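# Observations on the model geometry
Chain by chain, the residues:
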Amino acid sequence: MSDASARLAALRAKHDGVQTTPVESNGAPEEDPTKVWHKTACVLCSNNCGIEVRLDGRKITRVRGDKAHPASKGYTCEKALRIDYYQNGRDRLTTPLRRRDDGTFEEVSWEVAIAEVAERLGDIRDSVGGDKILYYGGGGQGNHFPGAYARSVLQTLGVKYRSNALAQEKTGMFWAQGKMFGRQNLGAVGDFEHTDCAVFIGKNPWQSHGFPETRNELNKIRNDDERKLVVMDPRVSETAAMADHHLRVRPGTDAWALAALLAIMVSEGLTDERFLAEHCTGWDELRELLASTDIADCARKCGIEESDLRAAARTMGNARSMSTEEDLGVEMAPHSTLNSWLQRLLYLVTGNFAKAGGMNLPLRLAPMCGHSGEGEVDPVTGNAMLSGLVACAAIPDCIDTDHPNRFRAMIVESANPLHTLPDSKRFREAFAKLECLVVIDVAMTETARAADYVLPACSQYEKPEATFFAGEMPANYFQVRHPILDPLGDSLPEAEIHSRLVAAMGGSAASTPALADAAQQSRQSFIEALGEASAADPDVGAKLPVVLYDTLGPTLGDMAPAAVMFGSAMQASIRYPDEVRAAGIEGDGVELASNLFDRLVNSPSGMIYSVSEYEQTWDRIAHPDGKIHLLIEELVDEFESLHDEEPAVGHNRFPFVLSAGERRSSTANDVIRDPEWRKKDKSGSLRINPDDATALGVVDGDRIRITSKRGEAEAPAEVTDTVMAGHVTLPHGFGTEYPDEAGEHKIHGVAVNELTAIEDRDPLSLTPHHKHVRVALEPAAR
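Note that the structure is a prediction, hence the values are computed from the model and not measured.

Note that strand β29 (residues 736-739) and strand β30 (residues 745-748) share 4 bridges and pair antiparallel. Looking across to β30, one finds that E737 is bridged to I747. Here β29 folds back onto β30 in antiparallel fashion, the turn holding 5 residues, of which G743 has a positive phi close to 90°.

Right, dumping it as structure tokens:
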């Protein structure tokens, strides 16, 4: 049996029960397989709460929180209860597909698909260079292994450029924290469990979550008179409705509200001068900058009473501890990167850093993003590549051009850019110019329909999987999920797909057979052989994920794709061995790494892998002086321009501001494509203020035509005072094409990126203004 066949046999073998919890009856294990609880995690948001599920054949019939999960501890929201709609969607891919000349697809074998993809991409590499191939994606809300394994293919092809959804959402924030802490992948996280004051800027954690047991923690804060909740949001969201201070900011004016809060802190002596003097640089210049702010004028511009701003600033400044989190409400709006800087200043000028209940820098098994140096730009437009990523809004111009460095081909993995990135029409036009588009995914997405080759991946419940979102202090956790179902059809885990592509391209490390033999002998033999091979064979380090899968993987049975975690375990044992041992992992050096790896792979509910003190946050500052650099010179001019700038409060042609992509109880990004999973709001309503509805002559359920400068759509009205006059919202996750029971494909709801414009974006990060889209409204058919 070949290595590949052996791996597939292990993946499809009956599981040995380590990931299941039998339900006992009269003291004996229940024999009925439909009564067995299987441990896994929810994949619908970045919290990845631990869950247990029951199965009837391939159907997930029941879901409950996993009390053994070290972070969620049995907590889950209502969305996890519907994950069967993801697992058993009708548009699941089961076999490789190749596009015919007429645009239709035909099924091909894996052997043919791998050989042809390797040849097509290899020809582009050999003719114009691997740097003309762009890799997009690599994982979503629940799966980050694909991005790790793709590294081996990219090294083989000589691919230099990558991008993913972070490059349209978070790179401005990453850049700002890099300026302040020394590296863009150093992000402070809130200790909401212990904080006295929780502050959310452009975020509704009741729906978007973002920290363990989110709703439980919010309720604890609300019910404790000694703890306070501050929310800045134009909507009366679920979280805002609970707040002690709801700063109902006018859409798009967050920068003025944040500037006013900081200026109030300076003027009223709410800053921690000792902290700022001991641990920060640039405070003298920043204090002067903030002190020059016209608080009353900022209050007028943002639409919040000055007295309300002062009350909120005092609550934050006088709190014993404060934790805060921003989200897309301010990151995908005007002054995006400036907002991220000012949000961080809220907790820094008040000294809420490196302390219980404050903001801390956690230890991670792998960074959430890269770090880009000064002057790092994409090869065509010259736009900044923050965190090492090509800005999403720059991608079409990097393809649809005659520039010699244009991207000629793309690999898209676990992502759907033709639906999720700004200005879908512009992306479709650009993607049509690619010489080769390869999509690796679970379902037949909008991007897959445009591909030359579609390679079917296992679902996140049919293979080992994990995410690197977890970032908690003082203890951090990690969960390597075990497969609970066999792969569907001929789908494969991405680890296997990338392993085959590397081999077909002739890129396998020469030492792979010897390493595989050593792994079969013992772990110690493997570690020694890996060290020797890494020193002698550059391909081992360059393509380590696939090397680990091909060598260590066969010893792990159906957990073979988890072999990539051995590299993470090695790094952790080198970077922070004391913190790993504090979590109960024994050993030194490679023994510690091996023990950590074994615990990771054999802890189906997840595990605590590091424990540290809050004060150790200071050890993680990357600036040589060990201090926080408060002043970001590149943003000073933009901050000062707020004084003369008047926020646009109306537009003759497009008088409304649309927040495109609101998180609701009935949305889960694009992870679940089957519209039947929604119990309510199945069409994705347009939320509109009662005064605006009256002026338009519409009532609940009436259809409204929404027109932007890029397109138009229709949605049913939901009349509600949770949005202010002039502001409307549409949910994300709609507008996807999905087959009904008869096989007819229909589009359900509004695809919001048919309305967004790629040129409306932050000048530095190119973050698109999804939360500030100018539109016109008119009644459509009732």
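Remark: helix α8 (residues 254-267) packs on helix α14 (residues 336-349), axes separated minimally by 9 Å, with the N-to-C direction vectors making an angle of 25°. Relative to α14, the element α8 lies roughly parallel. Every pair of crossing elements has a handedness; the one defined by α8 and α14 is left-handed. Listed contacts from α14 to D254, A255, L258, A259, L261, L262 and M265 of α8 are L338, N339, L342, Q343, L345, L346 and V349. For the contact of α8 with α14, the residue count by class is 11 nonpolar, 2 polar and 1 charged.

What follows deals with empty space enclosed by the protein. What the rule picks out here adds up to 6 cavities of 30 Å³ or more. For the lining of the largest cavity, the secondary structure elements donating two or more residues are α13 (328-331) and β24 (656-662). Looking at the second largest cavity, its volume works out to about 160 Å³. Around the second largest cavity sit 19 residues that line it, and L44, C45, K79, Q207 and H209 are the ones nearest its centre.

On to the sheet that holds strand β10 (residues 161-163). In spatial order, the strands read β8-β7-β20-β19-β18-β9-β10; together these 7 strands make up an open sheet with mixed pairing. Strands at the two margins of the open sheet, each flanked by one partner only, are β8 (105-107) and β10. The sheet shows a mean angle of 20° between the axes of neighbouring strands, direction not considered.

Let's shift gears to unusual backbone geometry. Here M473 and P474 are connected by a cis peptide whose omega angle stands at 5°. As for its position among the elements, P474 is in the loop between β20 (453-456) and β21 (475-478). One non-glycine residue with positive phi stands out, namely L766, at about 65°. Its place among the elements puts L766 in the loop between β30 and β31 (773-779). Overall, L766 belongs to the buried group, its relative accessible area being 3%.

Moving on, we get to the pattern of salt bridges. Per the counting criterion, the structure on display carries 62 salt bridges. Between K543 and D539 there is a salt bridge, and its shortest N-O distance comes to 3.6 Å. A salt bridge links D681 to R664, with the nearest nitrogen and oxygen atoms 2.9 Å apart. With D681 in the loop between β24 and β25 (686-688) and R664 in the loop between β24 and β25, the pair connects residues that are 17 residues apart, well separated along the chain. Through salt bridges that share partners, D233, R235, E662, R664, D681, R687 and E718 make up one connected network.

Glancing now at helix α25 (residues 589-601). The terminal C-alpha atoms of α25 lie 19 Å apart, and with 13 residues this matches the ideal 18 Å at 1.5 Å per residue to within 8%. Those residues of α25 that sit buried are L592, A593, S594, L596, F597, L600 and V601. Here the buried face of α25 lies against β21, α20 (523-536), α23 (565-575), α24 (577-582) and β22 (607-611).

So, about helix α19 (residues 512-521). Looking only at α19, the buried set comprises T512, L515, A516, A518 and A519. Down the axis of α19, the buried side of the element spans an arc of 160°, and every buried residue falls inside it. Counted as exposed and oriented over 90 degrees from the buried face of α19: P513, D517, Q520 and Q521. Of the surrounding secondary structure, the elements contacted by the buried residues of α19 are α20 and α22 (544-551).

About the cut-offs
- Residues numbered from 1 in each chain as written.
- Predicted model: local features only at pLDDT ≥ 70, side-chain atom pairs only at ≥ 80, totals over all residues.
- Heavy atoms only, no water.
- Pairing = 2+ DSSP bridges.
- Helix = DSSP H or I, 4+ residues; strand = E, 2+ residues; numbered from the N terminus.
- Axes fitted to C-alpha atoms, helices over the stretch in contact; angles between N-to-C directions.
- Parallel < 35°, antiparallel > 145°, perpendicular 65-115°, else oblique.
- Left-handed = near helix turned anticlockwise from the far one by under 90°.
- Contact = heavy atoms within 4.5 Å.
- Nonpolar A, V, L, I, M, F, W, Y, C, P; charged D, E, K, R; others polar.
- 1 Å grid on protein atoms, 1.4 Å probe; cavity = no way out; pocket = protein on both sides within 12 Å on 5 of 7 lines; lining within 4 Å.
- Points joined across faces, edges and corners; volume = space filled by probe spheres on them.
- Buried < 20%, exposed > 50% of the residue type's maximum accessible area, 1.4 Å probe, protein only.
- Salt bridge = Lys/Arg side-chain N within 4 Å of Asp/Glu carboxyl O.
- Expected span 1.5 Å × (residues − 1).
- Arc of directions from axis to C-beta.

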